Amino acid sequence: MLLIDKYAYMNKLASVHPLEKMLFSFGLLLLSLIMRDERISLITFIVMSAFIIIGAKIPMKYYLKLLLLPGFFLLSSLLSILISITPATNELPAHIWAFSFNDWTIFVGNASLVTAKQLFFIVLGSVSCLYFLILTTSVQSICHVLRQCRIPALFVELVELTYRFIFIFLDSMQKIHLAQQARLGYHSPAQWLRSISMLIAALFAEMFQRSRELNNAMQARGGEMVYWQENATYSMKNWLGIAAILLFLIVYGGFF
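Keep in mind the model is a prediction, meaning the values are calculated, not measured.

Take the sheet that holds strand E2 (residues 95-101) next. If you trace the three strands from one edge of the open sheet to the other, you get E1-E3-E2, paired in antiparallel fashion. Strands at the two margins of the open sheet, each flanked by one partner only, are strand E1 (83-87) and E2. The average undirected angle you get between the axes of adjacent strands in this sheet is 25 degrees. In the packing of helix H4 (residues 60-82) onto the sheet, contacts are made with E1 and strand E3 (104-109), and the angle to E1 comes to roughly 30 degrees.

See below:
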């Protein structure tokens, strides 16, 4: 079991009804995306991070480690937004920095800076909402709630299979990569290329085999997944807290 799955089943908020956590997470996510306000997104990130670290007792070091992956893609995207290139003969728009090289000018425009700053906070808030959901709620519970909400069974099963195969793929890749490293499979460029090709081939074969085994298991159950969920009760305190936070952000963001 990977750590992200372990924490989903073994956190201080695991006993909270999954519907409450899903509504809270998706509610703040939608507010952050619809309002596109930097303050709302920053508050969302702080609130979600507090629930993850303080409420669910997820180690801060692990949470920060999870933020590194989307953070890398976010920073690379921001660079492409911030930096603009134009012929030196063109008139530059309002900008805060410019550098000319031969017949080209590299600059950072004011409009690009505003867009990048807005995107940074929106993505930060959105990622924290999704991390709150997957770190405090198991995919089994999420699929159970989706089935109760009358979501088509095919869509729910695709969600389950996609989620599971992502982590099965990562787990298999780590094991194969570790075995190759133990045999000095990456000590030279030629050996590195050979090991990578063998890794890809082995992963493809294993995923194909596991998909066949999963299909056989589903057929043995009548062709449909069975989602088991422990009895969880709704909490009026949680519902009032969710409503209060959402209402505060709506009013604070000036939506009304």
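With that settled, consider the environment of leucine 161. Tracing the sequence through the fold places leucine 161 in helix H7 (residues 153-182). By relative accessible area, which is 23% here, leucine 161 ends up partly exposed. With 53 residues separating them in the primary sequence, leucine 161 and leucine 214 have C-alpha atoms 9.3 Å apart.

What follows is about helix H3 (residues 38-55). Over its 18 residues, H3 extends 24 Å from the first C-alpha to the last, a length consistent with the 26 Å expected when each residue adds 1.5 Å. Burial in H3 covers these residues: Ile40, Ser41, Thr44, Phe45, Val47, Met48, Ser49 and Ile52. Those residues of H3 that are buried lie in contact with helix H2 (18-35), H4, helix H5 (110-136) and helix H9 (236-252). Between a side-chain oxygen at the N-terminus of H3 and the backbone nitrogen of arginine 39 the separation is 2.7 Å; the capping residue is aspartate 37. Positive phi appears at lysine 57, one or two residues downstream of H3, with a value of about 65 degrees.

The subject of this paragraph is the environment of valine 156. Among the secondary structure elements, valine 156 is positioned in helix H7. A C-alpha to C-alpha distance of 32 Å links valine 156 and phenylalanine 248, two positions 92 residues apart in sequence.

A separate point is the nonpolar core. Judged by nonpolar contacts, the single largest core of 40 residues is most densely connected at Tyr131 and Leu135. Secondary-structure elements contributing two or more residues to this core are helix H1 (3-9), H2, H3, H4, H5, helix H6 (139-148), H7 and H9. With residues up to four places along the chain from it excluded, the contact list for tyrosine 131 reads Ile52, Tyr63, Leu66, Leu67 and Pro70.

Conventions we followed
Residues numbered from 1 in each chain as written. Predicted model: local features only at pLDDT ≥ 70, side-chain atom pairs only at ≥ 80, totals over all residues. Heavy atoms only, no water. Pairing = 2+ DSSP bridges. Helix = DSSP H or I, 4+ residues; strand = E, 2+ residues; numbered from the N terminus. Axes fitted to C-alpha atoms, helices over the stretch in contact; angles between N-to-C directions. Contact = heavy atoms within 4.5 Å. Buried < 20%, exposed > 50% of the residue type's maximum accessible area, 1.4 Å probe, protein only. Expected span 1.5 Å × (residues − 1). Polar contact = N/O pair within 3.5 Å; in protein donor to acceptor, adjacent residues only side chain to side chain. Core = buried A, V, L, I, M, F, W, Y, C linked by side-chain atoms within 4.5 Å.

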